[in-house]
Amino acid sequence: RSLQKSCSSYCFSRVGLHGVREARIELGEAVLILGLGPIGLHAAQHARLSGGFPVLAIDPSAPRRALAEKLGVDGTYANAKEFLDRGHPLMTRSGPAVVIEATGLPDVIPQGFQLCGRNGRVILLGSTRGLSKVNFYTDVHKKGLVVYGVHASTHPKQDSSPGRWTNADDDRVILKLISGGRVNAGALRTHEFPVADVAKAYATVCESPEALAVLLDWTK
C-alpha cells in the first residue's frame, strides 16, 4: 500500500528524469537545481544517480530545502545571492556545469544563465509561461552556454536513444527506481485527502507553500 502511494507521483519523477537525460550529466559535474517543487526534487535525485556531484539547489522555502538535504542534495540556498556568496567547497569550477530550471517562473530564466558556469548547459524544464528578459550576448553567447528546452511533447513516440527515452521506457525505469529504493517519492507526499474532499485538496495545492505531492485516496 505504501509503495502504491509512492508510485502515484511517478509523473513528477518522469519530468525530472527527462530534464536530467537531456543534460547528459557526466560523473563529477556540479549540478544546480532552481526550484524544489516535486519536479525539482525528483530532478535532484536523478541528477545524483547520474553522477552529478555536487548537486545543489536554490529555493526560498526552508522546509523544501530541508527535505532536499534529507534526499541527498549536497547544498541548498534561499536565493541566487546566497549561492554566489557561499558557493560550495566541492564545486571546482566557477559555476555549475549544469543548471536545471524547474520553477516555470519567467524571472528565474535569466538567473539560470547567469549562474551557470562557462560552456555549461541550461535545461529549461519548468514549462515557463510568460516573457523572460535575457541578455543573450552577455549571459549566453559569451559564456558558450547550450540551452535545452524540455517538454513532454519532445519525448520520442517510439525507439529510445541516448538522452531521449520514450515515456513508456522512462516509466518502467522510474517505477523500478522507486520500488528499489533508489528514488524516494514517498517523502514528497505532504497531504492526503479522501476523493470527496477534492475541492479542499485543490485549494491546498494552490494556497499552501508547504504542499508538494497531494494525494487523493479513491478508496475513501
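Placed above this text is the structure.
Residues numbered from 1 in each chain as written. Predicted model: local features only at pLDDT ≥ 70, side-chain atom pairs only at ≥ 80, totals over all residues. Heavy atoms only, no water.

What follows deals with the nonpolar core. In this structure, Ile25, Val31, Ile33, Leu41, Val98 and Ile100 are the most contacted members of the largest nonpolar core, which totals 25 residues. Those elements that provide at least two residues to this core are helix 2 (10-23), strand 1 (31-34), helix 3 (38-49), strand 2 (55-58), helix 4 (62-70) and strand 4 (98-101). Of the residues forming this core, the biggest block, 4 residues, is contributed by helix 3. Here Val31 is in contact with Ile25, Ala47, Gly52, Pro54, Val55, Leu56, Pro96, Val98 and Ile100, once residues within four sequence places are set aside. Grouped together as the second largest cluster of nonpolar side chains are 19 residues, Leu34, Tyr77, Ala80 and Val99 included. (Core = buried A, V, L, I, M, F, W, Y, C linked by side-chain atoms within 4.5 Å. Buried < 20%, exposed > 50% of the residue type's maximum accessible area, 1.4 Å probe, protein only. Helix = DSSP H or I, 4+ residues; strand = E, 2+ residues; numbered from the N terminus. Contact = heavy atoms within 4.5 Å.)

Tracing the sequence through the fold places Asn135 in the loop between strand 5 (121-124) and helix 7 (136-141). Under the relative-accessibility criterion, Asn135 is labelled partly exposed at 41%. As a C-alpha pair, Asn135 and His46 span 89 residues in sequence and 30 Å in three-dimensional space.

Turning our eyes to something else, we now look at the side chain of Arg65. Tracing the backbone through its elements, the reader meets Arg65 in helix 4. Of the side chains with opposite charge, Asp59 comes closest to the buried, unpaired Arg65, at an N-O distance of 5.7 Å. In terms of polar contacts, Arg65 uses its side chain to reach the backbone carbonyl oxygen of Asp59, at 2.9 Å. If we skip the residues at most four places from it in the chain, Arg65 touches Leu36, Asp59, Pro60, Thr76, Tyr77 and Ala78. (Lys, Arg positive; Asp, Glu negative; His and termini not counted. Salt bridge = Lys/Arg side-chain N within 4 Å of Asp/Glu carboxyl O. Polar contact = N/O pair within 3.5 Å; in protein donor to acceptor, adjacent residues only side chain to side chain.)

For the pair helix 2 and helix 3, interaxial distance at closest approach is 8 Å and the crossing angle is 50°. The angle between the axes of helix 2 and helix 3 places the two elements in the oblique class. Between helix 2 and helix 3 the crossing geometry is right-handed. Here helix 2 contributes Phe12, Ser13, Val15, Gly16, Leu17 and Val20 to the contact with helix 3, which in turn contributes Pro38, Ile39, His42, Ala43, His46 and Ala47. (Axes fitted to C-alpha atoms, helices over the stretch in contact; angles between N-to-C directions. Parallel < 35°, antiparallel > 145°, perpendicular 65-115°, else oblique. Left-handed = near helix turned anticlockwise from the far one by under 90°.)

As a further point, take the environment of Ala43. Locating Ala43 in the fold gives a position in helix 3. Residue Ala43 is classed as buried on the basis of its relative accessible area of 0%. Each C-alpha atom, one on Ala43 and one on Thr76, is 14 Å from the other, the two residues being 33 residues apart in sequence. Apart from residues no more than four positions distant in its own chain, Ala43 is found in contact with Gly16, Val20, Ile33 and Leu125.

This next bit is on the side chain of His46. On the secondary structure map, His46 appears in helix 3. Note on His46: relative accessible area 2%, which makes it buried. One polar contact links His46 to Ser13, side chain to side chain, over a distance of 2.8 Å. Every residue in contact with His46, bar those within four places of it in the chain, is listed here: Ser13, Gly16, Leu17, Val20, Ile174, Leu177 and Val183.

No statement about biological role is implied by the geometric values presented.
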